[in-house]
Amino acid sequence: MAVQPWGDQGHGMAKPPASVPPVPGMPPGAPQHAVPQHVAMPQSAMRAATADRERTVDVLKAAFAEGRLSAAEYGDRFDAASTAQTYGQLARLVADLPSGPMVAPQMMAPTMAGPVVVPVPPTFLPPPPARRTNALAVTSLVLGLLCVPTGGLLGVPAVIAGHVGRRQAAERNEDGDGMAVTGIVFGWLSIAFWALILTVAVMFG
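Now for a look at the structure at hand. (Residues numbered from 1 in each chain as written. Predicted model: local features only at pLDDT ≥ 70, side-chain atom pairs only at ≥ 80, totals over all residues. Heavy atoms only, no water.)

### Some points on the packing of helix 1 (residues 50-65) against helix 2 (residues 71-83)
Remark: helix 1 packs on helix 2, axes separated minimally by 9 Å, with the N-to-C direction vectors making an angle of 175 degrees. Judged on the interaxial angle alone, helix 2 and helix 1 are roughly antiparallel. Only A71, Y74, R77, F78, A81 and S82 of helix 2 make contact with helix 1, whose side of the interface consists of R53, T56, V57, L60, K61 and F64. (Axes fitted to C-alpha atoms, helices over the stretch in contact; angles between N-to-C directions. Helix = DSSP H or I, 4+ residues; strand = E, 2+ residues; numbered from the N terminus. Parallel < 35°, antiparallel > 145°, perpendicular 65-115°, else oblique. Contact = heavy atoms within 4.5 Å.)

### With respect to the packing of aromatic side chains
Enumeration according to the criterion identifies 3 aromatic pairs in this entry. Here the aromatic rings of Y74 and F78 are separated by 6.0 Å at their centres, their planes lie at 40 degrees, and the arrangement is tilted. Note that Y74 and F78 are positioned in helix 2 at a spacing of 4 residues, about one turn of the helix. On the basis of relative accessible area, Y74 is assigned to the buried category, the value being 18%. Relative to W194, the ring of F193 has its centre 5.9 Å away and its plane inclined at 75 degrees; by these criteria the two rings are edge-to-face. With a relative accessible area of 35%, W194 lands in the partly exposed category. Put simply, the rings of F64, Y74 and F78 pair up and form one aromatic cluster. (Phe/Tyr/Trp six-rings, centres within 6.5 Å; stacked < 30°, edge-to-face > 60°. Buried < 20%, exposed > 50% of the residue type's maximum accessible area, 1.4 Å probe, protein only.)

### Observations concerning the pattern of salt bridges
Under the counting rule described, the total for this entry stands at 5 salt bridges. Between R55 and D52 there is a salt bridge whose closest N-O contact spans 2.3 Å. In this pair, R55 and D52 are both assigned in helix 1, 3 residues apart and thus about one turn of the helix distant. On the basis of relative accessibility, which here comes to 34%, the residue R55 falls in the partly exposed class. Of the charged contacts, one joins D96 and R77 as a salt bridge, the two residues approaching to 3.0 Å between their closest N and O atoms. Placement of the pair is D96 in the loop between helix 3 (87-94) and helix 4 (135-146) and R77 in helix 2, with a sequence separation of 19 residues. For R77, a relative accessible area of 16% translates into the label buried. (Salt bridge = Lys/Arg side-chain N within 4 Å of Asp/Glu carboxyl O.)

### Topic: the side chain of N134
Turning to its location among the elements, N134 is positioned in the loop between helix 3 and helix 4. Side-chain polar atoms of N134 contact the side chain of Q168, separated by 3.2 Å. Leave out the neighbours within four places in its chain, and N134 touches G165, Q168, A169, R172, E174 and D175. (Polar contact = N/O pair within 3.5 Å; in protein donor to acceptor, adjacent residues only side chain to side chain.)

If you want it as structure tokens, here you go:
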């Protein structure tokens, strides 16, 4: 979103108001620093802070990285931003870029009356309910691990329980898919081991 220029956008320092209404008790032609503070001044003439200049430089850096500014343009605007004294000078440097320096937000009255809803911090929200673990997935894991001490005799039950457990876990939104996969892997390794034993026995029996 392009920055909307603030007040007068002429070259150089922002111009002071063309005319200042006479102030009771002040002689004609008194210097501006002697004018009371309540006299209105355009926002472009307000003096910028170091943070405003830094935000403007950040915008220029982003524009240069995106190819919106050449190296020469970036260097000129960087130098101008570093020495800018008013909001108007900063605004002119980024008026043709997607974003620019923003004035500190001011407190504004809400446009619509109504209760203000304050979100509850996540720290004070109740924890989400824990997901259940599929029983057949756990069974498949146990049978698969028992294939090692039992010599692979539980391979077939581990594979069957694993496939059924994975299907149930997906349908019921339950945990345990990893357990079922582990049981299936151990089960198929056991089945392959016994298939190899039988093949060797048939060939050399």
